[in-house]
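# Analysis of the macromolecular model
The residues making up each chain are set out below.
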Amino acid sequence: MKPDLPAELESASRAVISAGDQVFRQGDACHNYYIALKGCIKVFARSARGKEIVLYRVEPGDICVLTTSCMLSGTPYPADGVAEADTVAVVLPKRDFDRLMRESEEFRSFVLTSFGSRLSSLITLVEQVALESVEARLANLLLTKTSDQENVVRATHEAIASEIGSAREVVSRQLKNFASAGLVDLTRGSIVVLDRYGLDALRVK
């Protein structure tokens, strides 16, 4: 479905980004404002020791909250962005972004409303990492990525660790605990959810 964009963006330049391409890097200056039309951009932070956590994904119609923050503040990117799939995005140079923020009420409302919504989601993630146990975060991820019809998560333990802000070894150990309790079945490269009710009880603790 085509995202509902402000009129000023209908004629803005588009960029085609191939899956796996770096969109921005930590420390880069922010020169362009991105809005995804198709595909997906994963935004993640990396510690000095190389530990990663996925902050959010920019999907069709979404803005990148870090790009917005960097545009408004003039600060460099604090995280990395990589295209997870072939992506098409609106690309608005900073000079045009600044002009539209001054001159267009529709554009300004679109940016600030979207920014507020995405920032709220980012704060929720920070709260979860800081306050919830790995057990609860892992149970929540498994339930979020599966359904009664499709009960398989196809991902490595390392990828799951980056999603919930933990270490691979900790995730592997917790998954083994889930398997011992009959909540999941572990196979190479995938996790089969066996007991959704059991996992749900863990994530609300």
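The preceding data block contains the structure.
First, a word on scope: everything that follows refers to the structure included in this document. Along every chain, residues carry numbers that run from 1 in the direction the sequence is written. Selection of residues for local features in this predicted model requires a pLDDT of at least 70, selection of side-chain atom pairs for listing and counting requires 80 or more, and totals for whole chains, interfaces and linings are taken over all residues. For the side-chain quantities, the full set of heavy atoms in the structure was used; hydrogens and water were omitted.

Moving on to the sheet that holds strand E6 (residues 152–153). Criterion used throughout: strands pair if DSSP finds at least two bridges between them. To qualify as a helix, a DSSP run of H or I must reach at least 4 residues; to qualify as a strand, a run of E must reach at least 2; elements of each kind are numbered from the N terminus. As summarised here, the arrangement of the three strands in space is E6-E8-E7, forming an open sheet in which the pairing is antiparallel. Where the open sheet ends on each side, the last strands, each with one partner, are E6 and strand E7 (184–187). Note: E7 against strand E8 (residues 190–193), four bridges, orientation antiparallel. Within E8, the residue paired with leucine 186 across the bridge is isoleucine 191. Relative to the sheet, helix H6 (residues 168–180) contacts E7 and E8, its axis offset from that of E7 by approximately 125°. Should any heavy atoms of two residues lie within 4.5 Å, those residues are considered in contact. Orientation is described by axes fitted as lines to C-alpha atoms, over the contacting stretch for helices, and by angles from 0 to 180 degrees between their N-to-C directions.

Now for the nonpolar core. Side chains that are nonpolar tend, in soluble globular proteins, to be buried together. Formed by 40 residues in total, the largest nonpolar core has its most connected members in Leu9, Tyr33, Val43, Leu55, Tyr56 and Phe107. Elements with a minimum of two residues in this core: strand E2 (22–24), strand E3 (32–46), strand E4 (52–58), helix H1 (65–73), strand E5 (80–93), helix H2 (94–103) and helix H3 (105–131). By residue number, the principal contributor to this core is E3, which donates seven residues. Beyond its immediate sequence surroundings of up to four residues, valine 43 is in contact with Phe24, Ile53, Val54, Leu55, Tyr56, Val58, Cys64, Leu66, Ala79, Asp80 and Gly81. Among buried residues, the Ala, Val, Leu, Ile, Met, Phe, Trp, Tyr and Cys ones that are joined through side-chain atoms within 4.5 Å form a nonpolar core. Exposed residues in this analysis have more than 50% of their type's maximum accessible area, buried residues have under 20%, and partly exposed residues fall in between, with area computed by a 1.4 Å probe over protein chains only. If you look at the next biggest cluster of nonpolar residues, it comprises 18 residues, including Leu138, Leu141, Val171 and Leu202.

Okay, the pairing of E4 next. Burial analysis of E4 places five of its seven residues in the buried class, which makes it a mostly covered element. In terms of strand pairing, E3 meets E4 through six bridges, oriented antiparallel. Across the sheet, the residue bridging to isoleucine 41 is valine 58, located in E4.

In this section: the pattern of salt bridges. Salt bridge, as used here, is a side-chain nitrogen of Lys or Arg placed within 4 Å of a carboxyl oxygen of Asp or Glu. The full count for this structure, using the stated rule, is eight salt bridges. Linking aspartate 62 and arginine 118 is a salt bridge whose minimum nitrogen-to-oxygen distance equals 3.0 Å. Residue aspartate 62 is located in the loop between E4 and H1, and its partner arginine 118 is located in helix H3; the two are separated by 56 residues in the primary sequence. By relative accessible area, which is 21% here, aspartate 62 ends up partly exposed. The salt bridge partner of arginine 99 is glutamate 103, with a shortest N-O separation of 3.6 Å. Residue arginine 99 and its partner glutamate 103 are both found in helix H2; the two are separated by four residues, about one turn of the helix. For glutamate 103, a relative accessible area of 55% puts it in the exposed group. It is possible to trace a salt-bridge network through shared partners that takes in Arg57, Glu84 and Glu163.

To continue, consider the pairing of E3. Judged from the 11 bridges that link them, E3 and E5 form a sheet pairing that is antiparallel. The residue of E5 that forms the bridge with valine 43 is glycine 81.

The pairing test for Phe, Tyr and Trp rings, Trp by its six-membered ring, is centres within 6.5 Å, and the orientation test on the planes gives stacked under 30 degrees, edge-to-face over 60, and tilted for anything in between. As enumerated under the stated definition, the model contains four aromatic pairs in all. Ring geometry for tyrosine 33 and phenylalanine 107: centres 6.3 Å apart, planes at 70°, overall edge-to-face. You can see tyrosine 33 sitting in strand E3 and its partner phenylalanine 107 sitting in helix H3, a full 74 residues away along the chain. With respect to burial, tyrosine 33 and phenylalanine 107 carry one shared label: buried. With a centroid separation of 5.8 Å and 80° between ring planes, the pair formed by phenylalanine 97 and phenylalanine 107 is classed as edge-to-face. One end of the pair, phenylalanine 97, is in helix H2; the other, phenylalanine 107, is in helix H3, and 10 residues separate them in sequence. Each member of the pair, phenylalanine 97 as well as phenylalanine 107, carries the same accessibility label: buried. Here a set of aromatic residues connected by ring pairs shows up, and it is made of Tyr33, Phe97 and Phe107. As a reminder, the over-ring test applies to NZ of lysine and CZ of arginine, requiring each to be within 6 Å of the ring centre and within 35 degrees of the ring normal. Over the aromatic face of phenylalanine 44 sits the side chain of lysine 42, whose NZ or CZ is 5.2 Å from the ring centroid.

As far as function goes, none of this settles anything; it's purely spatial.
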